[in-house]
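Residues per chain are reported as follows:
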Amino acid sequence: MVRVVKLAAAPATLNLPHRSRTKELPSPPMSDQLTNDNILAALSSVKDPEIGRDLVSLGMVKDVLIDGSVVDLTVELTTPACPLKATIESDIGDALAALGATTVRVDWASNVKRTFGGPAADLIPGVKNTIAVASGKGGVGKSTVAVNLAVSLARDGARVGLLDADITGPNVPLMMGTQGAHVTGSGGKPNPVVSHGVQMMSIQYFLQADAPVIWRGPLIHSAIAQFLRDVEWGELDYLVIDLPPGTGDAALSLSQLIPLTGAVIVTTPQEVSLLDARKAVAMFNKVNVRTLGVIENMSGFVCPHCSEEHDIFGSGGGEKIARELELEVLGRIPLEPAVRSGGDAGVPITSAQYPGGDTTAAALALREVARTVAGRVSVLAAPVTVGSGAI
Ligand SMILES: Nc1ncnc2c1ncn2[C@@H]1O[C@H](COP(=O)(O)OP(=O)(O)OP(=O)(O)O)[C@@H](O)[C@H]1O
Ligand SMILES: [Mg+2]
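Let me sum up the structure you'll find in this document. (Residues numbered from 1 in each chain as written. Chains lettered and ligands numbered in written order. Predicted model: local features only at pLDDT ≥ 70, side-chain atom pairs only at ≥ 80, totals over all residues. Heavy atoms only, no water.)

## A short note on the pairing of strand β13 (residues 198–201)
So, point 1. In this structure, strand β9 (residues 160–164) lies alongside β13, joined through 4 bridges in parallel fashion. Bridged to V160 within β13 is V198.
So, point 2. Pairing of strand β12 (residues 193–195) with β13 involves 3 bridges; the strand directions are antiparallel. Each residue of the ladder has a partner; that of V193, found in β13, is M200.
So, point 3. The turn joining β12 and β13, which pair antiparallel and follow one another in sequence, is formed by 2 residues; a positive phi near 50° is taken by H196. (Pairing = 2+ DSSP bridges. Helix = DSSP H or I, 4+ residues; strand = E, 2+ residues; numbered from the N terminus.)

Put into structure tokens, the structure is as follows:
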């Protein structure tokens, strides 16, 4: 699908996730400067803002077609959930306008790179990145964040898995509308359960609805190992992992079993939650897992009656801990009844199926967080720069 954005008029704010745009630049001079070499040279000055390197040396420019003063090209992003598409597109338009292009059509493609290798990665051969969602304290919104992170990334076009590593308190099936689902599979290998575009595995899919799981560490470890090794995950760009609260068995098992691209720490703004978040970061440091950043959840509640914002759990806690631990705040999610009701109804607030979705502040914040996380993962997967080149 091709969309047309007239730059001479006010900039359009269309926000379709994947396909292309046309830039009609104001003056239409024909130009003999529009050669393949010149275009690549011009695009060598356009940087991927996140990675900080130019599009050409990153191999992101594909299939340049020149027809008079019209240029078609494909840009291969490092994630379909790229948060900076509009900036990249605008910079390409400017660079090619300087060569005399009157119309630039950008077609978007994506190729998510793997952030790890080595023997431990063999357990999950088709998985390119693993993102653990953790917290020190219970009930701060880990599962809510994990579910919406997965749904948002899938909605942007990524291949996403969601592993419910909360073996004794699995919530993913309910939140994803798969409460009664049971695993199927052939040859002894269970298939993930699919909902809202995400492939999932949870202990709940093996149990009767209300059966409790009262397991000690070794059993939890072996359940997580089996979920990683024995499930037909196929090819995944991102495997999001919802951890139980605290610094216990599941997080340790995970870090021993597979390479983790990183952990995101969910906290609420109040001091008691921050205290526990620090412990979670320290635990990941100890097992050599990088923390990608902090997500402050339940930060601020806008009263539907008086429209005034109330900081029910205090404010600024995420920033405080991020500053103290030299981490980034990946986003702030407001407290919003729709987040809870979406979770309870099995239709996450970021799902395309959520009625009136994408209009609430929390849904927008969660989608933004997902794109920010994808961007940070892309940076980790980018080739290392040595001098002016890459290795
Ligand atoms: N931003 C929010 N606005 C409103 N309700 C929220 C928000 N975030 C989470 N909730 C609700 O708070 C409750 C706890 O959230 P959730 O289950 O995601 O936390 P958790 O950290 O995974 O808990 P646990 O430690 O038990 O695994 C849920 O009912 C959820 O719907
Ligand atoms: Mg949970």
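## Side note on the side chain of D164
So, point 1. Tracing the sequence through the fold places D164 in strand β9.
So, point 2. For the buried residue D164, which engages in no salt bridge, the nearest side chain bearing the opposite charge is K142, 10 Å off.
So, point 3. A polar contact of 3.4 Å, which involves the side chain of D164, links it to the backbone nitrogen of N171.
So, point 4. Polar side-chain contacts of D164 include one of 3.1 Å to the side chain of S202.
So, point 5. Setting aside residues no more than four positions away along its own chain, D164 makes contact with P170, N171, V172, P173, M201, S202, F227 and D242. (Buried < 20%, exposed > 50% of the residue type's maximum accessible area, 1.4 Å probe, protein only. Lys, Arg positive; Asp, Glu negative; His and termini not counted. Salt bridge = Lys/Arg side-chain N within 4 Å of Asp/Glu carboxyl O. Polar contact = N/O pair within 3.5 Å; in protein donor to acceptor, adjacent residues only side chain to side chain. Contact = heavy atoms within 4.5 Å.)

## Things to note about the site of ligand 1
So, point 1. Near ligand 1 lie 17 residues; those nearest to it are G139, K142, S143, T144 and N297.
So, point 2. Here an oxygen atom of ligand 1 and a backbone polar atom of G141 are 2.9 Å apart.
So, point 3. Between ligand 1 and T144 there is a distance of 2.5 Å, counted from an oxygen atom to a side-chain nitrogen or oxygen.
So, point 4. For ligand 1, the protein covers 82% of the area, taking 630 Å² as the surface of the free molecule.
So, point 5. Elements represented by at least two residues in the shell around ligand 1 include exactly α3 (142–155), β16 (291–302), β18 (329–335) and α9 (337–345).
So, point 6. Of the residues forming the shell around ligand 1, the biggest block, 3 residues, is contributed by α3.
So, point 7. Class assignment of the residues belonging to the shell around ligand 1 gives a composition of 7 nonpolar, 6 polar and 4 charged. (Near = heavy atom within 4 Å. Areas by Shrake-Rupley, 256 points an atom, 1.4 Å probe, with all protein chains shown as cover. Nonpolar A, V, L, I, M, F, W, Y, C, P; charged D, E, K, R; others polar.)

## Regarding the pattern of salt bridges
So, point 1. One pass over the structure, following the stated rule, counts 13 salt bridges.
So, point 2. For D237, the salt bridge identified is with K128, shortest N-O distance 3.9 Å. In this pair, D237 is assigned in the loop between α5 (217–229) and β14 (238–242) and K128 in the loop between β7 (103–110) and β8 (130–134), connecting sequence segments 109 residues apart. We note that D237, like K128, is buried.
So, point 3. Within the structure, one salt-bridge network assembled from shared partners comprises E50, E328 and R376.

## Describing helix α1 (residues 36–43)
So, point 1. Within α1, burial applies to I39, A42 and L43. For α1, the arc enclosing every buried residue in end-on projection is 95°, short of the 170-degree limit, so these residues lie on one face. Set apart from the buried face of α1 by more than 90 degrees, the exposed residues are D37 and A41.
So, point 2. On its buried side, α1 packs onto β4 (53–54), β5 (61–67), β6 (70–77) and α2 (85–97). (Arc of directions from axis to C-beta.)

## Some details on the packing of α1 against α2
So, point 1. Where α1 meets α2, the axes come as close as 9 Å, and the angle between the chain directions of the two elements is 130°. Regarding the angle of α1 to α2, the classification is oblique. In the packing of α1 onto α2, the handedness of the crossing is right-handed. For the pair α1 and α2, the contacting residues are I39, A42 and L43 in the first and I92, A95 and L96 in the second.
So, point 2. Its residues assigned to classes, the contact of α1 with α2 comprises 6 nonpolar, no polar and no charged. (Axes fitted to C-alpha atoms, helices over the stretch in contact; angles between N-to-C directions. Parallel < 35°, antiparallel > 145°, perpendicular 65-115°, else oblique. Left-handed = near helix turned anticlockwise from the far one by under 90°.)

## Observations concerning the side chain of E296
So, point 1. Mapped onto the secondary structure, E296 falls in strand β16.
So, point 2. Exposure remark for E296: the relative accessible area of 0% places this residue in the buried category.

Taken by themselves, the reported measurements are silent on function.
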